[in-house]
Amino acid sequence: MNNYLATHVATLPPSGIRKFFDLVATMKDVISLGVGEPDFVTPWTVRESGIFSLEEGQTMYTSNAGLFELRDELSHHLNKTLNLSYDPHHEILITSGASEAVDLVMRAVLGPGDVVLVPDPSYVSYAPCAILAGASVSYVPTYARENFRMRVEDLARAYTPKAKLLVLSYPNNPTGAIMNREDLLPIADFVNEHDLLVLADDIYSDLTYDETHVSFASLPGMRDRTLFVSGFSKSYAMTGWRIGYVAGHADLIQGMTKIHQYTMLCAPIMGQFAAIEALRSANEAKNDMVTAYDRRRRLMVHGFRQMGLDCFEPLGAFYVFPDISKTKLSSEEFAEQLLIEEQVAVVPGTAFGPSGEGHIRCSYAYSMEQLQEALKRISHFVERRLTNL
Amino acid sequence: MLSEKDRRLLKLISEDCRLKPEELSVQTGLSPEYITKRISDWENEKVIVGYQPMINWDRTGDEKVSALIEVKVLPQRGYGFDKIAKRLQKYPEIKALFLMSGGYDLSLLIEGKTMQDVALFVAEKLASLEHVQSTATHFVLRRYKQDGIELMGEEETLQRLVVSP
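Residues numbered from 1 in each chain as written. Chains lettered and ligands numbered in written order. Predicted model: local features only at pLDDT ≥ 70, side-chain atom pairs only at ≥ 80, totals over all residues.

Named according to an unreviewed UniProt entry, chain B is DNA-binding transcriptional regulator, Lrp family originating from Desulfosporosinus lacus DSM 15449.

Looking at an unreviewed UniProt entry, one finds chain A named Aminotransferase, with Desulfosporosinus lacus DSM 15449 as its source organism. Per its UniProt entry, chain A bears the Sequence similarities (unreviewed entry) comment "Belongs to the class-I pyridoxal-phosphate-dependent aminotransferase family." The Cofactor (unreviewed entry) comment attached to chain A in UniProt states, word for word, "pyridoxal 5'-phosphate". (UniProt positions renumbered as here; feature names shortened; annotations may be inferred.)

In structure tokens:
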């Protein structure tokens, strides 16, 4: 039946992760470092308020934009934590996860012929969403030697006059890179000069170590050019609740709300009630999770460096992205052979874009014991590869 | 006041006191020398007062009985409740001792092998003490949670995908 598929869907490449997923599923005793979601269960107070909303009979649609109480709470939260100011009436839209928000941004502002500038490597959805919106993608490579921060020179090289939207996804999945104010300012100048819009995917903004997150939208003059996307999945360990949001200029939010009302109608109501509780009472639980991630992050970086591999220190998200090129294996070969020989699943860097070659993504959203065992197995594998050279 | 890094270090030790200074160093970014020195300071300052595993005795099959005892005491001039508390804390049967606000003064957690043990302790040692006005003994029937650890019910097992973006 393939011939019935629309050409742009049929030609859309499947996620690079998919192939791995299928292979892992056939194997036993695998330790996986391949998961992009927290290993914590949603804090109890948040779960409890979801349960309470059901008991109260809150099982209906909400307004398209989402419960006002949640938007209002979010507006205060963003102001307090990231110095952003959005009117909860017209400038915030609650979505089914940040994934929907990314899709809405692309579909609301892009059309055939438009180009989206996407950091490489980065999360797997940006390019497909752009293509489904009729646009095409120009990658902005980022490099380990620059700590995987986007440099304006590389952005300028990737730029074409048809570019309309720039994606900034920091803290970054898969690299764990962050961009601070000094890194972002030249990008902001470039955005201004070339009249670009920015999709700032700040989903990992709460998970930073050593430095606090600076939102691109908070830079001078960037608020109305930026569509600020985030959600509750990573910060509050709420992936399955599917609650995200997008904030920005009222005109753009209104455009996105039109698509949202015809395709999604509203985000799940139970998740929206739970999200209100998360903002009100789960911040300490969130900080405890960040502390736990930080310990694991240090363990992982130390572990890979002990093996003799280069591993840049990630300052955000919950991934390490070690350089495995010393083993003379491509990242796909490395991931595949590691899985077969040591039963450890990691994701090849190339699943996140061509600049991921020579790297693997390891999530540290696992218990200390699992991470220690995984590091032990990986080190056996690496040792064999390095001595055979 | 604790510095932020010291607070983190202390919290980490409170969660798992088996970690060696080298492991603590990897997980915190502090040097092993600093950690060793700090722990030794805290031990001297009685900030760290001991190292104990948390044991759920109910699972060992050993008989053990615990009781919470409310004690009303006449405060002593010049000493308040401290004098009697200092004396009470010497008893090895008393595992915890608090001064409380509200309807009574001291709260004691007592452990013994049998109910008889506990009853005997209350009658002979505690109730007969000078300044003790009354006692009320509440036996523990079952422990559900202790020291922040849930002792009952199934552990929540995560059903995550093996690989996800």
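Participant: Requested: an account of the sheet that holds strand E4 (residues 132-139) of chain B, with residues and values cited.
Facilitator: Residues and elements named next belong to chain B. The strand order across the open sheet formed by four strands is E2-E3-E1-E4, and the pairing between neighbours is antiparallel. Two strands bound the open sheet, and with one partner strand each, they are strand E2 (94-99) and E4. On average, each strand axis in the sheet is inclined to that of its neighbour by 20°, with strand direction left out of account. Where E2 and strand E3 (residues 106-112) come together, five bridges link them in antiparallel fashion. Across the sheet, residue Phe 98 finds its bridge partner in E3, namely Ser 107. The strands that helix H5 (residues 115-126) touches are strand E1 (65-73), E3 and E4; relative to E1, the one it contacts most, it runs at about 20°. (Pairing = 2+ DSSP bridges. Helix = DSSP H or I, 4+ residues; strand = E, 2+ residues; numbered from the N terminus. Axes fitted to C-alpha atoms, helices over the stretch in contact; angles between N-to-C directions. Contact = placed C-beta atoms within 7 Å.)

Participant: Would you mind going over unusual backbone geometry in detail, with residue names and values included?
Facilitator: Residues and elements named next belong to chain A. Residue Pro 121 follows Asp 120 across a cis peptide bond; omega there is 5°. With respect to the secondary-structure elements, Pro 121 resides in the loop between strand E3 (115-120) and helix H6 (126-132). With omega at 20°, the peptide bond leading from Asn 173 into Pro 174 counts as cis. Its identity is not glycine, yet Asp 195 carries a phi of approximately 55°, on the positive side. Counting through the fold element by element, Asp 195 comes out in the loop between helix H8 (181-193) and strand E6 (197-201). Classification of Asp 195 as exposed rests on a count of 9 C-beta atoms within 10 Å. (Buried ≥ 20, exposed ≤ 12 C-beta atoms within 10 Å, placed from the backbone.)

Participant: If you had to explain the UniProt feature "domain: HTH asnC-type" (unreviewed entry) in chain B to someone new, which residues and values would you point to?
Facilitator: The UniProt record annotates "domain: HTH asnC-type" (unreviewed entry) at residues 2-39 of chain B. The span residues 2-39 of chain B shows a helical share of 74% and a strand share of 0%, and its end C-alpha atoms are spaced 13 Å apart.

Participant: Report on the domain arrangement of chain A, specifying residues and quantitative values.
Facilitator: All names here are of chain A. The domain architecture assigned to chain A consists of domain 1 (2-42 + 284-387) and domain 2 (44-281). The distance between the C-alpha centroids of domain 1 and domain 2 comes to 24 Å. Those elements giving two or more residues to the side of domain 1 that touches domain 2 turn out to be helix H11 (283-306) and strand E9 (319-320). In terms of residues, the side of domain 1 that touches domain 2 owes the most to one element, H11, which gives six residues. By residue class, the composition of the side of domain 1 that touches domain 2 is 19 nonpolar, nine polar and six charged. (Domains from an automatic or database assignment. Nonpolar A, V, L, I, M, F, W, Y, C, P; charged D, E, K, R; others polar.)

Participant: Tell me what's going on with the domain arrangement of chain B, and back it up with residues and numbers.
Facilitator: Considered domain by domain, chain B is made up of domain 1 (4-44) and domain 2 (57-142). A C-alpha centroid distance of 35 Å is found between domain 1 of chain B and domain 2 of chain B.

Participant: I'd love a proper account of the packing of helix H1 (residues 4-15) of chain B against helix H2 (residues 21-28) of chain B, names of residues and values included.
Facilitator: All names here are of chain B. Where H1 meets H2, the closest approach of the two axes is 11 Å, and the angle between their N-to-C directions is 130°. Viewed along their axes, H1 and H2 adopt a mutual orientation that is oblique. H1 and H2 meet at a crossing whose hand is right-handed. Contacts from Arg 8, Leu 9 and Leu 12 in H1 reach Leu 24, Gln 27 and Thr 28 in H2. Here the contact of H1 with H2 is built from residues that sort into three nonpolar, two polar and one charged. (Parallel < 35°, antiparallel > 145°, perpendicular 65-115°, else oblique. Left-handed = near helix turned anticlockwise from the far one by under 90°.)

Participant: How would you summarise the interface of chain A and chain B if you had to cite specific residues and measurements?
Facilitator: In this complex, chain A contributes 23 residues to the contact, which on the side of chain B involves 12 residues. Mapped onto the side of chain A that touches chain B, the elements with two or more residues apiece are helix H2 (16-25) and H11 of chain A. Looking at the side of chain A that touches chain B, its residues break down into 13 nonpolar, six polar and four charged.

Participant: Could you give an account of the pairing of strand E7 (residues 226-231) of chain A, with specific residues and numbers?
Facilitator: On a regular strand, one side chain projects to one face of the sheet and the next to the other, so that they alternate. Residues and elements named next belong to chain A. A large share of E7 lies buried, amounting to six of its six residues. Residue alternation in E7 divides its side chains into two sets, Thr 226, Phe 228 and Ser 230 and Leu 227, Val 229 and Gly 231, and both sets are buried. Sheet analysis places E6 next to E7, joined by four bridges and oriented parallel. Each residue of the ladder has a partner; that of Leu 199, found in E7, is Leu 227. Relative to strand E8 (residues 244-247), E7 is paired through four bridges, and the arrangement is antiparallel. The residue of E8 that forms the bridge with Ser 230 is Tyr 245.

Participant: So what's going on with the confidence of the model for chain B? Which residues, and what values?
Facilitator: Residue and element names in this part refer to chain B. In this model, chain B carries an average pLDDT of 92, and 99% of its residues clear a pLDDT of 70 or more. Within chain B, the element-level pLDDT minimum falls on strand E6 (residues 149-150), averaging 88, and the maximum on helix H3 (residues 32-44), averaging 97. In the predicted complex, the global pTM is 0.92; the interface-specific ipTM is 0.82. (pLDDT = per-residue confidence, 0-100.)

Participant: Before we move on, could you go through the sheet that holds strand E2 (residues 92-95) of chain A and cite the residues and values that matter?
Facilitator: Hydrogen bonds between backbone groups are what pair the strands of a sheet, and the pairing can be parallel or antiparallel. Residue and element names in this part refer to chain A. Spatially, seven strands are ordered E2-E8-E7-E6-E5-E3-E4 in an open sheet, and the strand pairing comes out mixed. At either margin of the open sheet sits one strand with a lone partner, and together these are E2 and strand E4 (136-141). Here the average twist between neighbouring strands, direction ignored, is 20°. This element, helix H5 (residues 97-109), spans E2, strand E5 (163-168), E6, E7 and E8 of the sheet and lies at about 35° to E8.

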